[in-house]
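These are the residues of each chain, in order.
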Amino acid sequence: MVKVELSGAKDFFDVIGPDYSKISDAHRTLLEKTGAGSEFTGWLELPQNMLKTELKAIQSAAARIKGNSEVLVVVGIGGSYLGARAAIELLRSPNYNLIKKDTPDIFFVGNGLSADAINETIELIGDRDFSVNVISKSGGTLEPALGFRVFKALLEKKYGANAKKRIYATTDAERGLLHDMAAAEGWERFIVPGDVGGRFSVLSAVGILPMAVAGIDVESVLSCAVQELQDLTQQRSAENPAWQYAGARQHLYTLGRTTEILACYEPSFRFMAEWWKQLFGESEGKNGVGIFPASVEYSADLHSMGQYVQDGPRRLMESVVSFDEPNSELKIPFELGNRDGLNYLAGREYSAVQKIAARAVAEAHIKGEVPNISISVPKRDEAGFAALVCFFEMSCALSAYASGVNPFDQPGVEAYKINMFKMLGKE
């Protein structure tokens, strides 16, 4: 379903071009589970496992939350919230909590240490009935642990002993602080698979429960993901879009393109880009190597970052995600008098203007010596979301293995935690 077009990047390749033999080796290493971090490759089987195991329980829990709560508070950080928020904004709306709907508002907390942000969320909930989905593999990460403590106290104050019926814990199946608390208190539990790292966990209960509460067809997401992963794993050639993307970006990196910008012309894609940044940044940035992942929102950022992209240091590569069909159409109206001079566009669809703008930008950036990789899916729907998730996860693993690093660990993340806990006086 995902298509990759490299015509905007090929002029920047050297004579040899991408080394697909390295990508082929990485593909074999990934599927045979012989590489570093192979114990965390459970995401390859995750969608089909979810369909067979937890899906019905998640749908049942989502139905209860929708039935008794006007708000769901999702507590998590990094991979424990980015994927779910990305899905909700992409498939429902970036203004999800403002639109008219028959599903609860969803607030994401525990991803920072701002008292102002927490207090604002509490004010926004007001007197409404709410439930909490706390997501943490261990339960020991400070930001979500503090956030959960605050909202658990609010639940207990509002509902007393019945508060435990409104807490849903997504955590390790067997151990950890959150697991032990949930078992002792009788909270309903869902699993963060032990063989799936946080940034690869969006298609587990981590992402699927909040998505289901938001009214997304999660069964369709998982079914489409099964097919997409099957296609991406079975096709072992340079026609595989994951091979094309991983091979092109690694080749451009060897030629000095050390920063990749991910762009999209849909504002609803913003948190997909945030999820993508964690996926690639945390997977590849190790041992002094790695492409720096950044993102922009076109066309808005063309009027802020466009100058840098066009004329700044030539260390950039640009990957642009597009959707072949819009979810809705809007015709540009005709105006008597043509005072704004825009009648030459009257009667055209916004989507057609967007596509022309995207072509114009790509041509300008390529001429400005910025390689352009095009990534497209048919539509901004459940199938398109599932395809992008699987495509990026597969591409990331292949790219990281090809660069010689373990795609599935994150040793550098612990450095700040050690300092922080020491400074806070934790024993």
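Structural notes, computed from the coordinates. Each residue is numbered by its place in its chain's sequence as written, counting from 1. Residue-level local features of this predicted model are given only where pLDDT is at least 70; pairs of side-chain atoms are given and counted only at 80 or more, and the full residue set underlies all totals for whole chains, interfaces and linings. Note that water and hydrogens are dropped before the side-chain values are worked out from all heavy atoms of the structure.

Some thoughts on the sheet that holds strand β1 (residues 3-5)
This is how it is decided: Two strands pair if DSSP finds at least two bridges between them. Strands are runs of DSSP state E lasting at least two residues, helices are runs of H or I lasting at least four, and both sets are numbered from the N terminus onward. Interaxial angles span 0 to 180 degrees and are taken between N-to-C directions of axes, which are lines fitted to C-alpha atoms, for helices over the stretch in contact.
One open sheet accounts for five strands, arranged β1-β10-β9-β7-β8; its pairing is mixed. At either end of the open sheet lies a strand with only one pairing partner, and these are β1 and β8 (292-297). The average angle at which neighbouring strand axes cross in this sheet is 25°, direction not considered. Pairing between strand β7 (residues 259-264) and β8: six bridges, direction parallel. Bridging from a neighbouring strand, Cys264 pairs with Glu297 of β8.

Points about the sheet that holds strand β3 (residues 105-109)
Sheets are built from strands that pair by backbone hydrogen bonding, the pairs being arranged parallel or antiparallel. Formally: The contact criterion used is simple: two residues touch if any of their non-hydrogen atoms lie within 4.5 Å.
One open sheet accounts for five strands, arranged β3-β2-β4-β5-β6; its pairing is parallel. One side of each edge strand has no neighbouring strand; the edge strands of this open sheet are β3 and β6 (188-191). Looking at each pair of strands side by side, their axes are set apart by 20° on average, direction ignored. Helix-sheet contacts for helix α5 (residues 115-125) involve β2 (71-75), β3 and β4 (130-135), and the interaxial angle to β3 is about 165°. Helix α6 (residues 142-159) contacts β2, β3, β4 and β5 (167-171) of the sheet and is inclined by roughly 155° relative to β4.

Examining helix α1 (residues 20-32)
An α-helical turn contains 3.6 residues, so a residue and the one three or four places further along point in the same direction. Here is the rule we go by: Multiplying 1.5 Å by the helix residue count minus one yields the expected span of that helix. For each residue, the accessible area found with a 1.4 Å probe, counting protein chains only, is set against the maximum for its type, and the residue is called buried under 20%, exposed over 50%, and partly exposed in between. Comment: arc refers to directions from the helix axis out to C-beta atoms.
The terminal C-alpha atoms of α1, which comprises 13 residues, lie 18 Å apart, in line with the 18 Å expected from a rise of 1.5 Å per residue. Among the residues of α1, those classed as buried are Ile23, Ala26, His27 and Leu30. For α1, the angular spread of the buried residues around the axis is 105°, confining them to a single face. Tucked into the core, α1 has its buried residues touching α9 (218-234), α10 (241-254) and α14 (382-403).

What about the packing of α1 against α14?
This is how the line gets drawn: An angle below 35 degrees is treated as roughly parallel, one above 145 as roughly antiparallel, one from 65 to 115 as roughly perpendicular, and anything else as oblique. Here a crossing is called left-handed whenever its near helix is offset anticlockwise from the far helix by less than a right angle, and right-handed whenever the offset is clockwise. Polarity classes work like this: nonpolar for Ala, Val, Leu, Ile, Met, Phe, Trp, Tyr, Cys and Pro, charged for Asp, Glu, Lys and Arg, and polar for all others, with Gly in that last group.
Where α1 meets α14, the closest approach of the two axes is 8 Å, and the angle between their N-to-C directions is 115°. Taken together, the axes of α1 and α14 lie roughly perpendicular to each other. With respect to the hand of their crossing, α1 and α14 are arranged in right-handed fashion. Packed against α1, whose contacting residues are Lys22, Ile23, Ala26, His27, Thr29 and Leu30, the element α14 presents Met394, Ala397, Leu398, Tyr401 and Ala402 at the interface. Broken down by class, the residue content of the contact of α1 with α14 amounts to eight nonpolar, two polar and one charged.

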